[in-house]
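# What the coordinates show
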Amino acid sequence: MDLQTLRYFCAVCREGSFLNASKKLDYAQSNLSARIAQLEKTLGCALLIRRRTGAVPTKKGLVLLAYAEKILRLVEKAEDAVRTGQTVGRHLVIGSMESTAITFLPALLKTFHAVCPDTRVSVCTGTSSATVQKVLQGEYDGSFAAGGTVHPELASIAIKTEKLVLVSNRTLETASLADLLQQPLIVFSYGCFYRHILETLLAGLNILPNSFIDMASIGALISSVSAGLGISLLPESVVQAFSVAGM
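This section reports on the structure supplied with the text.

Conventions and cut-offs
Residues numbered from 1 in each chain as written. Predicted model: local features only at pLDDT ≥ 70, side-chain atom pairs only at ≥ 80, totals over all residues. Heavy atoms only, no water. Pairing = 2+ DSSP bridges. Helix = DSSP H or I, 4+ residues; strand = E, 2+ residues; numbered from the N terminus. Axes fitted to C-alpha atoms, helices over the stretch in contact; angles between N-to-C directions. Contact = heavy atoms within 4.5 Å.

A separate point is the sheet that holds strand E5 (residues 142-144). Taking strand neighbours across the sheet as the criterion, the three strands line up as E4-E3-E5 in an open arrangement whose pairing is parallel. The sheet is open, and its two borders are formed by strand E4 (120-125) and E5, each paired with just one other strand. Looking at each pair of strands side by side, their axes are set apart by 25 degrees on average, direction ignored. As judged from the six bridges shared by strand E3 (residues 91-96) and E4, these two strands associate in the parallel manner. The partner of Leu92 across the bridge, within E4, is Val121. Its contacts with the sheet put helix H6 (residues 105-115) on E3, E4 and E5, and the angle it makes with E4 is roughly 165 degrees. The sheet contacts of helix H7 (residues 128-136) involve E3, E4 and E5, and relative to E5 the element is tilted by about 165 degrees.

Of note, Arg195 is situated in helix H9 (residues 193-204). Every residue in contact with Arg195, bar those within four places of it in the chain, is listed here: Val187, Phe188, Ser189, Tyr190, Phe212 and Asp214.

Encoded structure:
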């Protein structure tokens, strides 16, 4: 597999036919077809579905197309950097739960920056399952996730243990646990580990939730709980951080 063949393959996918791709590339259609056929032989699978009206990638062809486009973009960046004399800066992309990004991650990043000041860091927040999926897809370099995430393609290490607490408006502090758990549940979307724990707890108690209210940010979630809209399950460190902030 070479770069030029990958360019030819991407061109056929983009143009929708060997004829259009050959015109675009100014390359003989027969040679183009032969190069793609050799690529399919090398990989041991069909990459294109050939029709009278053109050609479309197979499922495996779509997989190769995604990787080929990334490879070719990276090659272009490398060539530009060499031609212009630019240095390639290091860029670390980290996934994180919003609760982690609010509590201990800032201090950790401060320490990291002191050791690696030339590395640009991007923190992208989301649920544990969503950020781990981004790591698997190669979009993130790593992620902070809850629940001891295990995947055969990933290595994981325990960073800290969190204490989870049930939070509610102060008007409900004398309510019984049964009454408290009948309140609307204010949670993040599916894939949030804390939501999973809360749902598991309710199922174990044979309690059917009154309703779910999904929130997109932890600030909105805490404010909604404070306003008496419902209850939630959160790390104690997060609740303490917002208490200090007066929320």
